[in-house]
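# Structural overview for review
For reference, the chains in residue letters:
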Amino acid sequence: MSKQKLDNLGVSAFCESMAMMVQSGIQTDEAIGLLQSGHETGGVLEQALVGMAQAVEQGNTLSSAMEESGVFPRYALQMIRAGEASGHLEDILFRLARYYADQKTISDKLRNAVTYPAAMLALIIVVLVVMLVMVLPAFAEVYDAMTGSLAASSYSYIRWAYGFCWFALIVMVLLAVALVTGLVLWNSGKRSAVEAVLWRIPITAKILESMGMFRFTGALSTFLASGEMQDEAVLQSIPMTDCTPVEDRLKRCALRMEEGHSISQAAYDENLFEPLYGRMLLAGERSGNLESVLQRLTSHLEENCSSLVDRLVGIVDPLLSGVLMVTVGLSLLSVMLPLIGMMNAVG
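Sequence positions are assigned chain by chain, starting from 1 and proceeding in written order. Totals for whole chains, interfaces and linings use every residue, but because this is a predicted model, local features are given only for residues with pLDDT of at least 70 and side-chain atom pairs only at 80 or more, for both listing and counting. The basis for every side-chain value is the complete set of non-hydrogen atoms in the structure, without hydrogens or water.

## Brief notes about the overall build of the chain
Definition in use: Only DSSP runs of H or I covering at least 4 residues are called helices, and only runs of E covering at least 2 are called strands; the numbering of each starts at the N terminus. When accessible area is computed with a 1.4 Å probe and restricted to protein chains, residues below 20% of their type maximum are described as buried, those above 50% as exposed, and intermediate ones as partly exposed. In this description, contact between two residues means that some pair of their heavy atoms is separated by no more than 4.5 Å.
A count of helical and extended segments in the chain gives 14 helices and zero strands. When its helices and strands are written in sequence order, the chain yields α-α-α-α-α-α-α-α-α-α-α-α-α-α. Buried positions account for 40% of the 347 residues belonging to the chain. Contacts in the chain between residues at least 24 apart in sequence constitute 62% of all its contacts with a sequence separation of at least 6.

What follows is the structure, encoded as structure tokens:
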């Protein structure tokens, strides 16, 4: 069994390809064989397809073959198993393709939102180190030689440049350490510690909430399309959020459903969505269009999450650029003013 998992793009491509073949009436074993011939040997999916083809030929279902391969996420396996049981495999595969494509888009945006600040922090640190190690000492030596004693001269305020650069460098290094530590904790499975910090920052808290709700509505609409009952669909969708505060709100919503409320009424009472979308959900359920409304909500949450990430980048970008320009500008100004004063004195 392969230990390496398929990424979101790989899962999306596989599901969409299988969906189109199922839609065309191609049998599962033939579809897997066609996919196998279209991939390079040695890849994660190619190795998985070899084992899947053998499993399907022995009479196993598609979901069982995918599970044995060990490269597909748990959510995809659950969805396909439910689709096979309910006879909605084609629809479920198309939904999964869209779901994982959306996950890929959001993941790329989040990666870019972290990569750019990291690059800017590294650039600022390098510039500050150059200023402290090369630029400021060179000017200090020149002024010290010309005035005899820099400390006693009228140009001693160059020390302010050193102090400002050292202060900025320490702050930037601390931010870089915090960023690296957060990434290490996030990737090592200790996401709760990082989320606890991010939830204290308004814009990152909104991003986490929007992402959690996006995953939930996407999973819920897919579970409902597979024929699951509302209460069971909600319970199976809650773990997909990967966000503890959102899960807590959804669990309260599930408790209301146990008391006899519908999903739309429970969501409206718990303020899971904005009032407008909460009323849309109520109207959708009463008119029998709950799944289509959930799909619209999923698209809205994806757009909202992308918008929030772009806003975060829009804040961090000019902020770090401003820190870089102000630091370099003030440092250069502090070393150039004495020179201008000396030239005026000579003139």
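Back to the write-up after that little detour.
## Thoughts on the packing of aromatic side chains
Where we set the bar: Any pair of Phe, Tyr and Trp rings, taking the six-membered ring for Trp, is counted once the centres come within 6.5 Å. Such a pair is stacked with planes under 30 degrees apart, edge-to-face with planes over 60 apart, and tilted for the rest.
This model, assessed by the stated rule, comprises five aromatic pairs. Ring centres 5.1 Å apart and planes at 90 degrees place the aromatic pair Y99 and Y100 in the edge-to-face group. Under the relative-accessibility criterion, Y99 is labelled buried at 8%. Y100 sits in the buried class, given a relative accessible area of 5%. An aromatic cluster of three or more residues is present, and its members are Y75, Y99, Y100 and F214.

## Quick word on helix α7 (residues 159–187)
Since the α-helix turns once every 3.6 residues, residues separated by three or four places project in the same direction. Note the cut-off: Helix span is expected to be 1.5 Å times the residue number reduced by one.
Over its 29 residues, α7 extends 42 Å from the first C-alpha to the last, a length consistent with the 42 Å expected when each residue adds 1.5 Å. Along α7, the positions that sit buried rather than exposed are A161, C165, A168, L169, M172 and G182.

## Here's the deal with the nonpolar core
Our working definition: In this text, buried Ala, Val, Leu, Ile, Met, Phe, Trp, Tyr and Cys residues form a nonpolar core when linked through side-chain atoms within 4.5 Å.
By size, the foremost hydrophobic cluster in this structure holds 73 residues, and its most contacted members are F14, M52, L62, F72, Y75, L96 and F273. The element that contributes the greatest number of residues to this core is helix α9 (residues 202–225), accounting for 11 residues. In contact with F273, not counting residues within four places along its chain, are M213, T217, A267, G278, L281, L297 and L301. M120, L128, M131 and A161 belong to the second-largest nonpolar core, a separate cluster that totals 15 residues.

## Details of the pattern of salt bridges
Quick reminder of the rule: One side-chain nitrogen of Lys or Arg within 4 Å of one carboxyl oxygen of Asp or Glu is enough to make a salt bridge.
Applying the stated rule across the entire model yields eight salt bridges. Among the salt bridges present, the one from R81 reaches E67, with a minimum N-O distance of 2.9 Å. With R81 in helix α5 (residues 74–86) and E67 in helix α4 (residues 62–69), this residue pair connects regions lying 14 residues apart in the sequence. Residue R256 pairs with E270 through a salt bridge whose shortest N-O separation is 2.7 Å. With R256 in helix α11 (residues 244–258) and E270 in the loop between α12 (263–269) and α13 (275–286), this pair connects stretches of sequence that are 14 residues apart. On the basis of relative accessible area, R256 is assigned to the partly exposed category, the value being 27%. A relative accessible area of 17% means that E270 is categorised as buried.

## Structural notes on unusual backbone geometry
Positive phi values are uncommon outside glycine, yet N271 reaches one of about 55 degrees. Note on placement: N271 falls in the loop between α12 and α13. Since its relative accessible area comes to 55%, N271 is described here as exposed.

## With respect to a nonpolar patch on the surface
The cut-off we apply is this: Patch building starts from residues that exceed 30% relative accessible area and form no salt bridge, then joins like charges within 9 Å and nonpolar side chains (Val, Leu, Ile, Met, Phe, Trp, Tyr) within 5 Å. Per-residue accessibility takes into account occlusion by the displayed protein chains alone, with areas from the Shrake-Rupley method and a 1.4 Å probe.
A cluster of nonpolar side chains, namely V126, V129, V130, V133 and M134, defines an oily patch on the protein surface of about 430 Å² accessible area. As for its position among the elements, V130 is in helix α6 (residues 89–147).

## Some points on the environment of V22
Of note, V22 is situated in helix α1 (residues 8–23). Residue classification places V22 among the partly exposed positions, given a relative accessible area of 23%. V22 sits 71 residues away from L93 along the chain, and the two C-alpha atoms are 9.2 Å apart.

## A closer look at the side chain of T204
Here is the rule: Definition of a polar contact: a pair of N or O atoms within 3.5 Å, with one able to donate and the other able to accept a hydrogen when the atoms are protein atoms, and with sequence-neighbouring residues admitted only if both atoms are side-chain atoms.
With respect to the element layout, T204 can be found in helix α9. For T204, the side chain forms a polar contact with the main-chain oxygen of I201, separated by 3.0 Å. Discounting chain neighbours no more than four positions away, the residues touching T204 are L198 and L312.

## Regarding the environment of L179
Looking at the element boundaries, L179 is found in helix α7. Sequence separation of L179 and L121 is 58 residues, and the distance between their C-alpha atoms is 9.8 Å. Dropping the residues within four chain positions of it, L179 is found in contact with V114, A118 and L121.

## Some words on the side chain of Q103
For Q103, the position within the fold is in helix α6. You can call Q103 buried: its relative accessible area is 8%. Excluding residues that lie within four positions of it along the chain, Q103 makes contacts with N8, F214 and R215.

## Quick word on a negative patch on the surface
Condition: By the counting rule applied here, Lys and Arg register as positive and Asp and Glu as negative, while His and the ends of each chain are not counted. Where a charge lies is defined by one atom per residue type: Lys uses NZ, Arg uses CZ, Asp uses CG and Glu uses CD.
Side chains of D231, E232, E258 and E259 sit close together on the surface and give a patch of like negative charge. Relative to the elements of secondary structure, E232 occurs in helix α10 (residues 230–237). Residue E232 is classed as partly exposed on the basis of its relative accessible area of 35%.

Functional significance is not addressed by these values, which are geometric in nature.
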